[in-house]
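Residue-level listing of the chains:
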Amino acid sequence: MSRPIQARFNSLALAHNYQMIQQSAPTARVFAVIKANAYGHGVERVVAALPDADGFAILEINAAIELRRLGVQQPILLLEGVFSAAELTACAEFDLAIALHLPVHIEWLEQAQLSRPIAVFLKLNTGMNRLGFPAESALAWAERLARCQNVASVTVMTHFACADEPSKGIDAQWQRFIAATQSLALPTSSANSAAIFAYPQTHGTWVRPGLALYGASPFSDQTAASLGLQTVMSLCSEVIATQNVAAGESVGYGATFIAPVPMKIGIVACGYADGYPRHAPTGTPVWVAGHTTRLLGRVSMDMLCIDLTPWTELDVGSPVELWGEHLPIDEVACAAGTLSYELMCAIAARVPVYTL
């Protein structure tokens, strides 16, 4: 290894988080959501760490097909469904379940010549106003699907907009979903990470955890640790240089940080080209050799600067954690004015990943 930056993937922590979710939703089956390259953690890496998962949920049909070729036998759900009628052939061949959210999807199913029927998830719009049929039309669409010879099973699903915000909650959406589905006697899927922990009444047949699976909290007022979750990926590096800065001198591009007193600055091999947020401000926490310090000045493409002033023993080679086991990703995201989702997904391909 030359440049010291690396991401460390903890497969045992991932398995632990999956088990915690199972314990929190004991009557439901669990789709591990692995979209966006498993939230930046690597699809194949995550699937290998969860051999006993109930199922996996993903976006890209090519990635789903590759999972089948790798030997994955559990249910695989395409969360945005298919984007052409031709993709239905592959869904049948590789036994992929699909979300339906447009009338044309059902028309394609009715007209297709498939090798076998496929499982479908009828997506209802209960207030997210993103994808889905109007909730009030659920009965009509369910009856139509029941007549379609290409449909093996129907599950009714929705997605909550504010499950992670207690002041807003899910009540209006949940009541609309219940009203639309109570007469259907069909399996349901509605709970995301936040709803799994906060709203047990929504667990239904399948839950769909994403963020919590990877060890971050879906709530701004609860830590991942308080939910029993463990960090799956740590972004680590080292101090590669130090500078002694006099009072009044600046640090980094734009001279946005001016030293108020003489300071010792550490230069870390990590920048926005590695996935660290360029907009992270001075004061964003950074862990270095057992101490929590702060980011100084602007993040560069390949480097960032941290305050080493209080610790004379810290020097070149001191280990740094940008987020992970010692420094929760949620704290970094909050300081940077973003979400832990974005930080996870942004880790660049040039950062090597090591499985622990």
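Along each chain, numbering runs from 1 in the same order as the chain's sequence is written. For a predicted model such as this one, the threshold for reporting local features is a pLDDT of at least 70, and the threshold for listing and counting side-chain atom pairs is 80 or more; totals across whole chains, interfaces and linings nevertheless cover every residue. Values reported for side chains reflect all heavy atoms of the structure, with hydrogen atoms and water molecules removed beforehand.

Asks: Got a minute to help me understand the pairing of strand S3 (residues 55–58) in this structure?
Replies: The side chains of a regular strand alternate, first on one face of the sheet and then on the other. Whether a residue is buried, partly exposed or exposed follows from its accessible area with a 1.4 Å probe, protein chains only, as a fraction of its type maximum: under 20%, in between, or over 50%, in that order. Note on conventions: DSSP H or I runs of at least 4 residues are helices, E runs of at least 2 residues are strands, and numbering of each starts at the N terminus. Of the two faces of S3, the one holding Gly55 and Ala57 and the one holding Phe56 and Ile58 are both buried throughout. Here three bridges tie strand S2 (residues 29–33) to S3, and the two strands are oriented parallel to one another. Counted as the bridge partner of Val33 is Ala57 from S3. Between any two strands, at least two bridges found by DSSP are needed for them to pair. Bridge analysis of S3 against strand S4 (residues 76–78) gives three bridges, and the strand direction is parallel. Paired with Phe56 across the two strands is Ile76, which belongs to S4. With the strands aimed away from the viewer, a crossover counts as right-handed if its path from the first strand over the helix to the second runs clockwise. This β-α-β element, S3 to helix H4 (residues 61–69) to S4, shows right-handed connectivity.

Asks: Can you walk me through the nonpolar core in this structure?
Replies: Most often, soluble globular proteins have nonpolar side chains that are buried together. Note on terminology: a nonpolar core comprises buried Ala, Val, Leu, Ile, Met, Phe, Trp, Tyr and Cys residues joined through side-chain atoms within 4.5 Å. Core analysis: the largest hydrophobic core is formed by 119 residues, its most contacted members being Ile34, Leu109 and Tyr276. It only takes one pair of heavy atoms within 4.5 Å for two residues to be counted as in contact. Ile34 has contacts with Val43, Val46, Val47, Phe56, Ala57, Ile58, Leu67 and Tyr214, leaving out every residue within four places of it along the chain. Counting residues in hydrophobic clusters, the runner-up holds nine residues, among them Val251, Phe257, Met263 and Cys305.

Asks: Help me understand the packing of aromatic side chains in this model?
Replies: In this scheme Phe, Tyr and Trp rings, the latter by its six-membered ring, pair at centre separations within 6.5 Å, and the angle between planes marks the pair as stacked below 30 degrees, edge-to-face above 60, and tilted otherwise. Per the stated rule, a full pass over the model turns up eight aromatic pairs. Connected via pairs of aromatic rings, a cluster forms that spans Phe31, Phe121 and Trp206. In this scheme, the term charge over a ring applies when either NZ of a lysine or CZ of an arginine sits within 6 Å of the ring centre and within 35 degrees of the ring normal. Arg45 extends its terminal NZ or CZ atom over the ring of Phe9, reaching a point 5.8 Å from the ring centre.

Asks: Help me understand the UniProt feature "domain: Alanine racemase C-terminal" (unreviewed entry) in the protein chain, please; the structure alone is not making it clear to me.
Replies: Mapped onto this numbering, the UniProt entry annotates "domain: Alanine racemase C-terminal" (unreviewed entry) at residues 232–355. Summarising residues 232–355: 11% helix, 36% strand, and an end-to-end C-alpha distance of 10 Å. UniProt positions are given in the numbering used here, feature names are shortened, and annotations may be inferred rather than shown by experiment.

Asks: Help me understand the pattern of salt bridges, please; the structure alone is not making it clear to me.
Replies: Oppositely charged side chains are able to pair whenever their charged atoms sit close together. Here, a salt bridge means any Lys or Arg side-chain nitrogen found within 4 Å of an Asp or Glu carboxyl oxygen. The final tally for this structure, using the stated rule, is seven salt bridges. The shortest N-O distance in the salt bridge between Arg294 and Asp307 comes to 3.4 Å. On the criterion of sequence distance, the pair formed by Arg294 in strand S16 (residues 291–296) and Asp307 in strand S17 (residues 304–307) is long-range, its members being 13 residues apart. What you see here is one network of salt bridges that share partners, running through Arg3, Asp274, Asp302 and Arg350.

Asks: Explain the side chain of His41 here, please?
Replies: Residue placement: His41 occurs in the loop between helix H2 (35–39) and helix H3 (43–49). Polar contacts, as counted here, are pairs of nitrogen or oxygen atoms within 3.5 Å of one another; within protein the pair requires one atom able to donate a hydrogen and one able to accept it, and residues that are adjacent in sequence qualify only if both atoms are side-chain atoms. In this structure the side chain of His41 is engaged in a polar contact, spanning 2.9 Å, whose partner is the backbone oxygen of Tyr39.

Asks: I tried to follow the pairing of strand S6 (residues 118–125) on my own but got confused; where do I start?
Replies: With respect to burial, S6 is a largely interior element, seven of its eight residues being buried. Summarising the sheet, strand S5 (residues 97–100) and S6 pair through three bridges and their orientation is parallel. Within the sheet, the bridge partner assigned to Leu100 lies in S6 and is Leu122. Regarding the hand of the β-α-β motif, the stretch spanning S5, helix H6 (residues 103–111) and S6 is right-handed. The sheet contact formed by S6 and strand S8 (residues 151–157) spans six bridges and is parallel. Considered in S8, the bridge of Ile118 is made with Val151. Note that S6 and strand S7 (residues 133–134) share two bridges and pair parallel. Following the sheet pairing, Asn125 is matched in S7 by Pro134.

Asks: Help me understand empty space enclosed by the protein, please; the structure alone is not making it clear to me.
Replies: With a probe scaled to a water molecule rolled over the atoms, the places where space remains empty come into view. A cavity here means a set of 1 Å grid points, computed over protein atoms only, where a 1.4 Å probe fits but cannot escape. A pocket is an open set with protein on both sides within 12 Å along at least 5 of 7 lines, and lining residues have an atom within 4 Å of a point. Grid points are joined across faces, edges and corners, and a volume is the space filled by probe spheres set on the points. Under the definition given, this model contains one cavity of 30 Å³ or more. When its volume is computed, the largest cavity comes out at roughly 40 Å³. A per-element tally of the lining of the largest cavity places S6 first, with three residues.

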